[in-house]
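So the chains spell out like this:
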Amino acid sequence: ASCAATRSTCRCRYDVAMIDEQRLNTIPIVVEKHPDTCVAYPLGIEGAVVGEGETFEEALADCRPAIRFRVDTFGPQVLDAESPVLDATLVRPTSA
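Residues numbered from 1 in each chain as written. Predicted model: local features only at pLDDT ≥ 70, side-chain atom pairs only at ≥ 80, totals over all residues. Heavy atoms only, no water.

Looking now at the confidence of the model for the protein. Looking at the protein as a whole, the pLDDT averages 77, with 75% of positions reaching at least 70. Of all helices and strands in the protein, the one with the weakest mean pLDDT is helix α1 (residues 13-17) (47), whereas strand β3 (residues 51-53) scores best (95). Every residue in residues 1-16 is under pLDDT 50, and counting partners more than four places away or in other chains gives 17 contacts. (pLDDT = per-residue confidence, 0-100. Helix = DSSP H or I, 4+ residues; strand = E, 2+ residues; numbered from the N terminus. Contact = heavy atoms within 4.5 Å.)

Listed below in structure tokens is the structure:
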């Protein structure tokens, strides 16, 4: 696809496709196990992105194209979080 805008201001599909897949693969993803399914969602992306599957691997695999869809639809700025998530830790409550 061609775009009449300058490269720095263009939000066309061509520029979005230029986002390095390696950058997308560095986004932390949380996978939750529920009684009947697994749900995966990335941290630090503007807006809602969810993947689902019967297994951890299926949910993770479903989430990755959902991230790509979000970027393709709303532009690469969805990856530029004001305060990016570097890591997440699950803390389980302990009994006193």
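Let us keep going from here.
In the sheet, strand β1 (residues 29-33) pairs with strand β2 (residues 38-42) via five bridges, with the strands oriented antiparallel. Counterpart to V31 in the pairing with β2 is A40. Here β1 hands over to β2 after four residues, the two strands then running antiparallel side by side. (Pairing = 2+ DSSP bridges.)

The tendency in soluble globular proteins is for nonpolar side chains to be buried as a group. Counting 13 residues, the largest nonpolar core has L24, I27, I45, V49, I67 and L79 as the members making the most contacts within it. Elements supplying a minimum of two residues to this core: β2 and α3 (56-74). The element that contributes the greatest number of residues to this core is α3, accounting for five residues. For I27, the contacting residues outside a window of four places in its chain are P42, L43, I45, I67 and L79. (Core = buried A, V, L, I, M, F, W, Y, C linked by side-chain atoms within 4.5 Å. Buried < 20%, exposed > 50% of the residue type's maximum accessible area, 1.4 Å probe, protein only.)

Another point: the environment of P84. With respect to the secondary-structure elements, P84 resides in the segment after α3. Given a relative accessible area of 51%, P84 falls into the exposed group. Distance from P84 to I27, taken between C-alpha atoms, is 9.5 Å for residues 57 residues apart in sequence.

As a further point, take the pairing of β2. Each regular strand carries side chains that alternate between the two faces of the sheet. With four of five residues buried, β2 lies mostly within the body of the structure. Across three bridges, β2 lies against β3 in antiparallel orientation. Across the sheet, residue A40 finds its bridge partner in β3, namely G51.

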